[in-house]
Amino acid sequence: MRKQRILLCDTDEAYVQALSAFLITTMKDLKLTCFSSVEGMINDTENYDISLISDEFAEAASGYLNSNEVMRLGKIYLLCGTMGYSSDIYDVVYKFQPMREFVDSLCRVRNENIRANTSVKCMWTGICSPIHHELQLPFALAYVAQLKNTEPASRILFMDLEDNSILPELCGFVPDRNITDYLYLLESEGIERGELLDCMCNVNGVSCLSPARYFQELTEVDPDKWRNLFLSIQELGFERVVILFDTSMRGMEVLLSCLDNLLLLGREGDYYRKYDRQIMNFISDRFSGLDTLATMLPLSGLNLTDGTYQLEHILAGNLSAYAREAMEAVAGAG
């Protein structure tokens, strides 16, 4: 996938050096250009996707650059040294937050920029079960099946990020490539769109990025690799992305920052609601803008004897009705 070009401009040379060194070592999928002098930015002729510039550079941009030259800077964000500062012209990024938080902020900025510049609008839905409901995977598959029935023309992608997924066995096949292969390809320069799409298979008319073969593989995936994955998926032209994940996965915060809405799959009862409250408190503290819906699934997989846990039988039952209700609730919330 094409690396995003980012411009970083600040007259504080030590700050530029420190931040650029951190960004280069933690985010392999960007091309970073830095200036600590206004003249450098004015005389530059490169085109950028995102520009992070301080006050002095913002003033120079408005005073010395014509409209076409400003356009080559892409989406401009103001680097501000004052917490809580707002601007009538630019979106603001606080420059002195911890480096890791700055990377998280930049990832959100990049994700917003890709969405704004992508012709296809994509809706991201996460499904997570704090109580580890045994039917969470069938429910997620029923959910994407209902989406496909409702929007037959939409390009839908399902990703199963459970750490011990049975998706291949449940669907009756083992794909040649999976999410591990996809992540490996993203590390390569000049990766082609077709190679990424080759990592996906088809399940009942829905594209599926198959899970890792062994759960240890996902525990080794760091947050930056998840960022690369979500940015690349955004550029592939899908209109709906549904992700099933575990609460314990490494890089969960990155995932949540990409979602438009989140379904928490649980059961009725005070004991189970304690699990829901635990994760809801986390989300309200860290991701207050995320639309989060609790959906209760009273069904159980405990009575499914050997040989009866088959996808077509499960999807033909009551599970699809609960999935349809959840889908309609998400649509109503949007």
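Residues numbered from 1 in each chain as written. Predicted model: local features only at pLDDT ≥ 70, side-chain atom pairs only at ≥ 80, totals over all residues. Heavy atoms only, no water.

A. Structural detail: unusual backbone geometry. A positive phi angle, near 55°, is found at H132, a position not held by glycine. Looking at where H132 falls in the secondary structure, it is placed in the loop between β6 (123–128) and α6 (136–150). (Helix = DSSP H or I, 4+ residues; strand = E, 2+ residues; numbered from the N terminus.)

B. Looking closely at empty space enclosed by the protein. Scanning the entire structure with this criterion turns up two cavities of 30 Å³ or more. Approximately 90 Å³ is the volume attributed to the largest cavity. Surrounding the largest cavity, eleven residues form its lining, L141, V144, V203, N204 and V206 being those nearest its centre. Broken down by secondary-structure element, the contributors of at least two residues to the lining of the largest cavity are α6, β9 (206–209) and α14 (311–315). Taken together, the residues that form the lining of the largest cavity break down as nine nonpolar, two polar and no charged. (1 Å grid on protein atoms, 1.4 Å probe; cavity = no way out; pocket = protein on both sides within 12 Å on 5 of 7 lines; lining within 4 Å. Points joined across faces, edges and corners; volume = space filled by probe spheres on them. Nonpolar A, V, L, I, M, F, W, Y, C, P; charged D, E, K, R; others polar.)

C. Inspection of the pattern of salt bridges at higher detail. Applying the stated criterion across every chain, the model contains eight salt bridges. R267 is the salt-bridge partner of E134, the closest N and O atoms lying 2.8 Å from each other. Highlighted residues: E134 in the loop between β6 and α6 and R267 in the loop between β11 (261–266) and α13 (270–286), separated in sequence by 133 residues. Ionic pairing is found between D270 and K274, a salt bridge with its closest N-O pair at 3.2 Å. Here the residue D270 and the residue K274 both occupy positions in helix α13, the gap between them amounting to four residues, near one helical turn. One continuous salt-bridge network, built from bridges that share partners, spans D270, K274 and R277. (Salt bridge = Lys/Arg side-chain N within 4 Å of Asp/Glu carboxyl O.)

D. Fine view of the sheet that holds strand β8 (residues 200–203). One open sheet holds the seven strands; their spatial order is β8-β9-β7-β10-β6-β11-β12, and the pairing between them is mixed. Every interior strand has two partners, whereas the edge strands, β8 and β12 (291–296), have only one. Neighbour-to-neighbour, the strand axes of this sheet turn through a mean angle of 25°, independent of strand direction. Packed onto the sheet, α6 meets β6, β7 (156–161), β9, β10 (240–245), β11 and β12 and runs at close to 175° relative to β7. Running at roughly 160° to β12, helix α15 (residues 319–333) makes contact with β6, β11 and β12 of the sheet. (Pairing = 2+ DSSP bridges. Axes fitted to C-alpha atoms, helices over the stretch in contact; angles between N-to-C directions. Contact = heavy atoms within 4.5 Å.)

E. Molecular detail of the nonpolar core. Of all hydrophobic cores here, the largest spans 41 residues; its most connected members are Y182, W226, L229, F230, I243 and F245. Listing elements by their share of this core, those giving two or more residues are β6, β7, α8 (179–186), α11 (223–234), β10, α12 (252–258), β11 and α13. In this structure Y182 touches L196, C199, M200, L209, L229, S232, I233 and L236, once residues within four positions along its chain are discounted. (Core = buried A, V, L, I, M, F, W, Y, C linked by side-chain atoms within 4.5 Å. Buried < 20%, exposed > 50% of the residue type's maximum accessible area, 1.4 Å probe, protein only.)

F. Structural detail: the packing of α6 against α15. Packing of α6 against α15 brings their axes to within 8 Å, and their N-to-C directions diverge by 65°. Both α6 and α15 take part in a crossing whose hand is right-handed. Residues P138, F139, A142, Y143, Q146, L147 and T150 of α6 form the contact with α15, whose participating residues are L319, S320, Y322, A323, R324, A326, M327 and V330. (Left-handed = near helix turned anticlockwise from the far one by under 90°.)

G. Highlighting the packing of aromatic side chains. For the coordinates displayed, the defined rule picks out six aromatic pairs. Their ring planes at 75° and their centres at 5.8 Å tell us that Y15 and F96 sit as a pair that is edge-to-face. Taken together, the positions of Y15 in helix α1 (residues 13–26) and F96 in the loop between β5 (91–94) and α5 (99–116) put the pair 81 residues apart, joining distant regions of the chain. Residue Y15 is classed as buried on the basis of its relative accessible area, which comes to 10%. On the basis of relative accessible area, F96 is assigned to the partly exposed category, the value being 47%. Aromatic ring contacts, followed pair by pair, group Y15, Y94 and F96 into a single cluster. Sitting over the ring of Y77, K75 keeps its end group 5.6 Å from the ring centre. (Phe/Tyr/Trp six-rings, centres within 6.5 Å; stacked < 30°, edge-to-face > 60°. Lys NZ or Arg CZ within 6 Å of the ring centre and 35° of its normal.)

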